[in-house]
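# Per-entry structural report
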Amino acid sequence: MSKERIGVYVCHCGSNIAGVVDVAEVARWASEALQDDGVVVARDYKFMCSSLGQELIEADIREQGLTRVVVAACSPHLHEHTFRKATERGGLNPYLCEMVSIREQVSWVHTDRHKATEKAKALVAGGVERVVHHEPLEPIRVPINEATLVVGGGIAGIQAALEIADSGYPVYLVEREPSIGGHMAQFDKTFPTLDCAACILTPKMVSVGDHPNITLLTWSEVEQVDGYVGNFEVTIRKKARYVNEELCTGCGICEEKCPKRVIDNVYEAGLGYRKAVYRPFPQAVPKYPVIDTKNCIYFERGKCKACQIFCPTKAIDFEQEDQIIQVKVGNIILATGYDLFDARRIPQLGYGRLANVFTSLEFERMCNAAGPTNGEIVLRDGVTKPQSVAIIHCVGSRDRNYNNYCSVICCMSSLKFAHLVKERTGAEVYNFYIDMRTAFKDYDEFYQKVLSEGTHFIRGRVAEVTDAARLPGEEGKLIVQCEDTFIGKQRRIPVDMVILSAGLEPRRDAKEVAKKFGISCSADSWFIEKHPKLDPVATMTEGIFIAGACQGPKDIPASVSQGAAAAARVLSHIQQKELSLEPVRASVIEEKCSGCRICNGLCPFNAIIFHEDRRVTEINPALCQGCGTCVAACPSGAITGTQFSNEQVLAQLEGLLKIPVNGSSARLPEPELA
């Protein structure tokens, strides 16, 4: 008989568990069948996570003298912290509590009540056998560096940086482009209020550039991340601008005198030109230009230097080299944003083949007063105003051939385009949509406004955009071939211009960035949050947070909110001065380590170091996340995982097999532990 006194608590979780599992029977069985294993009390309760349920555990620990607790409920990911706290309040070490998931692993995946109940019994038995081998643990405490790294200078990164800096703490803001601002800097108006995007973004950009607590590193990229929460060491490459920022006044003479004009495929989306030395847009922060070495005549041929000759402050420096900057920070916020779906991937929609098919970003630049057409909505000839315009929703989104997910912003962007076309040209506008999704504050009101303006809405997926005329009135037009589900017919709509509302995709290097920072990506390559509902800004790597559209498609208000939320989480770390980390970590038994180094390259968190002088491996407990990869890989059994020792795992298997299989009880042979 076990010397431990174990309490078992089985949760109904309303009907989530009790609807499939006979919870009362599981508790009764545990109290009777597991007495010899140390179970002295077994209870079932409707909601164990409630205050009353927790108080039940606390009272039993004190009154029954419990030394171990097993809770059979939902996922440990959700409530392990809850029940550990209850165990601690009762007077036990919180790590002497074991959670068994009978919701996710039983009731949610089974329909047969009898079999589900038997499986729940087996899991409880495994938990009881396992908890006997638990050891009291203490959290690992690490100090928190007050500085924060924010990667990405779009609206989410800007908001996060300002929130932290305004609280009095230093921030390093890294942006790979020459200016902060992100995609929002390219927009003309923002839905649903039709604010000028530049008017609301520029003040925040200026605040970032002027803030005494923000070190702005544009035209820079993070190359390496070492360390752990509270003590990250980050290597940043600050690319050469070939402009001395201390001497440059941002006067723009270098741009004016530069003889080389190139198509601007980034900020102007290919519709406009820029010089080889340039600022992306007039309100750029910082104000300093950058030289595009791929197109600069001097870097191509060794001649020219017009920018250097005419610069009144002698700020042009062709000898400038990249700088490697190393910073120490306590927390990191990733706000790297999104890429636009490449509409060329859907050739039947005509983009790149038919002149007057535009992407949503091209149309944004066309509408902008500072854009290549000075805000005039015209065809590719730069002169002709369209008399009819088609706007196609969900290009690359909600499509199993490309991206299954909804890109969130496309419906509202398309409605905004319809309004702007009507307002500026008076053209007939046709919106081709699958479903209209206007879910947030004032969005549906904006939809109703666009409806009242006379925009035509056709529900159905567009099959093709072509210039092959078949019917009278189609000559010289683009014909949109579609299905109209409201009338149940195929239609051909001739128009002068087509706008493709392209969906949002993860950044092209999202997986590489995730690997660099030690976080994960979804199947679609969006960064994965710790919990999609309850912790949408944290990641599974402590101290690294995500904000904005790098986590998934979202609009500007949601990005701003998430940037502020990530900043709040970082500030909570900073103000605590030190952080308590989960002590479930791997450790090396040096006497057994052969120095084979097999584990060294396997750790996904770079927590393993090798001491050449002693020829042994050591695991940094602050970096280790307790995943167990090294434990499984070690051929000599020199690595153990706290709370996942051989004794604990084998004991749990022994308990799982206590339920009869084919009429007889299965027992494992006594293990020979290494």
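Residues numbered from 1 in each chain as written. Predicted model: local features only at pLDDT ≥ 70, side-chain atom pairs only at ≥ 80, totals over all residues. Heavy atoms only, no water.

## Some details on the overall build of the chain
Looking only at helices and strands, one finds 17 helices and 34 strands in the chain. Taken along its principal axes, the extent of the C-alpha atoms in the chain is 90 × 70 × 40 Å. For the chain, buried positions account for 53% of its 674 residues. Relative to all contacts within the chain whose residues are 6 or more apart in sequence, the contacts with residues 24 or more apart total 68%. Across the chain, the centroid of the 75 positively charged side chains sits 4 Å from that of the 84 negatively charged ones. (Helix = DSSP H or I, 4+ residues; strand = E, 2+ residues; numbered from the N terminus. Buried < 20%, exposed > 50% of the residue type's maximum accessible area, 1.4 Å probe, protein only. Contact = heavy atoms within 4.5 Å. Lys, Arg positive; Asp, Glu negative; His and termini not counted. Charge placed at Lys NZ, Arg CZ, Asp CG, Glu CD.)

## With respect to the packing of aromatic side chains
Within this structure, the stated rule accounts for twelve aromatic pairs. For the ring pair Y298 and F318, a centre distance of 4.4 Å and an interplane angle of 40° mean the geometry is tilted. Here the residue Y298 occupies a position in helix α9 (residues 297–301), and F318 occupies one in the loop between α10 (306–310) and β17 (323–329), the gap between them amounting to 20 residues. Residue Y298 is classed as buried on the basis of its relative accessible area of 19%. The class for F318 is buried, based on a relative accessible area of 7%. Following the ring pairs from residue to residue traces out a cluster consisting of Y242, Y298, F299 and F318. A cation over an aromatic ring shows up here: R274 above the ring of Y278, its NZ or CZ 4.0 Å from the ring centre. (Phe/Tyr/Trp six-rings, centres within 6.5 Å; stacked < 30°, edge-to-face > 60°. Lys NZ or Arg CZ within 6 Å of the ring centre and 35° of its normal.)

## Notes on helix α14 (residues 510–517)
Counting along an α-helix, one turn takes 3.6 residues, and residues three or four places apart therefore face a common direction. Listed as buried for α14 are A510, V513, A514 and F517. End-on, the buried residues of α14 take up no more than an arc of 100°, which puts them together on one face. Exposed positions of α14 whose direction lies more than 90 degrees from the buried face are K511, E512 and K515. Looking at the buried positions of α14, the neighbouring elements they touch are β6 (148–151), β11 (220–228), β18 (331–334), β28 (504–506) and β29 (544–546). Positive backbone phi, at 75°, marks G518, one or two positions downstream of α14. (Arc of directions from axis to C-beta.)

## Brief notes about the sheet that holds β11
The strand order across the open sheet built from three strands is β11-β12-β17, with neighbouring strands paired in antiparallel fashion. Whereas interior strands pair on both sides, the edge strands pair on one side only; in this sheet they are β11 and β17. With strand direction ignored, the average angle separating the axes of adjacent strands in the sheet is 20°. Pairing between strand β12 (residues 231–238) and β17: seven bridges, direction antiparallel. Bridge pairing in β17 links F232 to V329. (Pairing = 2+ DSSP bridges. Axes fitted to C-alpha atoms, helices over the stretch in contact; angles between N-to-C directions.)

## Considerations on unusual backbone geometry
Following F191, the chain continues to P192 via a peptide bond in cis, the omega torsion being -5°. Secondary-structure assignment places P192 in the loop between β8 (189–190) and β9 (195–196). Cis geometry marks the peptide bond from V285 to P286, where omega comes out at 5°. Note on placement: P286 falls in the loop between β15 (277–278) and β16 (290–291). A positive phi angle is found at W219, which is not glycine, with a value near 50°. Within the secondary structure, W219 is located in the loop between β10 (214–217) and β11. For W219, a relative accessible area of 16% corresponds to the buried category.

## Side note on the nonpolar core
V8 and I102 are the most contacted members of the largest nonpolar core, which totals 44 residues. Of all the secondary structure elements, the ones that give two or more residues to this core are β1 (6–11), α1 (23–33), β2 (39–45), α2 (51–64), β3 (68–73), β4 (97–101) and α5 (113–131). What V8 contacts, discounting residues up to four positions off in sequence, is A30, V39, V41, A42, R43, V70, V124 and V128. Core analysis: the next-biggest nonpolar cluster, separate from the first, contains 40 residues, I144, A160, A165 and A566 among them. (Core = buried A, V, L, I, M, F, W, Y, C linked by side-chain atoms within 4.5 Å.)

## Some remarks on the pairing of β3
Here β3 lies mainly inside the structure; six of its six residues are buried. Along β3, one buried face is formed by R68, V70 and A72 and the opposite face, lined by V69, V71 and A73, is buried too. Strand direction decides the pairing type here: β1 and β3, joined by five bridges, are parallel. Counterpart to I6 in the pairing with β3 is R68.

## A look at the sheet that holds strand β26 (residues 489–495)
Judged by pairing direction, the sheet is antiparallel, and its three strands sit side by side in the order β24-β25-β26 without closing on themselves. At either end of the open sheet lies a strand with only one pairing partner, and these are β24 (462–466) and β26. Looking at each pair of strands side by side, their axes are set apart by 20° on average, direction ignored. Where β24 lies against strand β25 (residues 478–484), four bridges are found, and the strand directions are antiparallel. In the strand pairing of β25, V462 is matched with C482.

## A look at the pattern of salt bridges
Any two side chains of opposite charge can pair, given that their charged atoms come close. Applying the stated criterion across every chain yields a total of 46 salt bridges. R28 is the salt-bridge partner of E25, the closest N and O atoms lying 2.7 Å from each other. Remark: R28 and E25 occur in helix α1; sequence separation between them is three residues, near one turn of the helix. Judged by its relative accessible area of 37%, R28 is partly exposed. Across the pair E88 and K85 runs a salt bridge, and its minimum N-O distance is 3.8 Å. You can see E88 and its partner K85 sitting in helix α3 (residues 76–90), three residues apart, about one turn around the helix. (Salt bridge = Lys/Arg side-chain N within 4 Å of Asp/Glu carboxyl O.)

## Some words on the pairing of β18
Neither face of β18 is open: one carries N331 and I333, the other I332 and L334, and all of them are buried. The pairing of β6 with β18 spans four bridges and is parallel. Following the sheet pairing, V151 is matched in β18 by L334. Inspection of the sheet shows β18 paired to β29 by three bridges, in the parallel sense. What sits directly across from I332, in β29, is I544.

## Quick notes on a nonpolar patch on the surface
Residues F644, V649 and L653 make up a contiguous nonpolar surface patch of about 250 Å² in total accessible area. Secondary-structure assignment places F644 in the loop between β34 (639–641) and α17 (646–656). Owing to a relative accessible area of 47%, F644 belongs among the partly exposed residues under this scheme. (Patch = residues over 30% accessible without salt bridge, like charges linked within 9 Å, V, L, I, M, F, W, Y side chains within 5 Å. Areas by Shrake-Rupley, 256 points an atom, 1.4 Å probe, with all protein chains shown as cover.)

## Remarks on the domain arrangement of the chain
As far as domains go, the chain holds domain 1 (6–137) and domain 2 (341–505). For domain 1 versus domain 2, the separation of C-alpha centres amounts to 56 Å. (Domains from an automatic or database assignment.)

## Section: the environment of R507
Structurally, the position occupied by R507 is in the loop between β28 and α14. Here R507 falls in the buried class, since its relative accessible area comes to 19%. When the C-alpha atoms of R507 and C550 are compared, they prove to be 7.5 Å apart, with 43 residues separating the residues in sequence. In this structure R507 touches R176, T336, G337, Y338 and D339, once residues within four positions along its chain are discounted.

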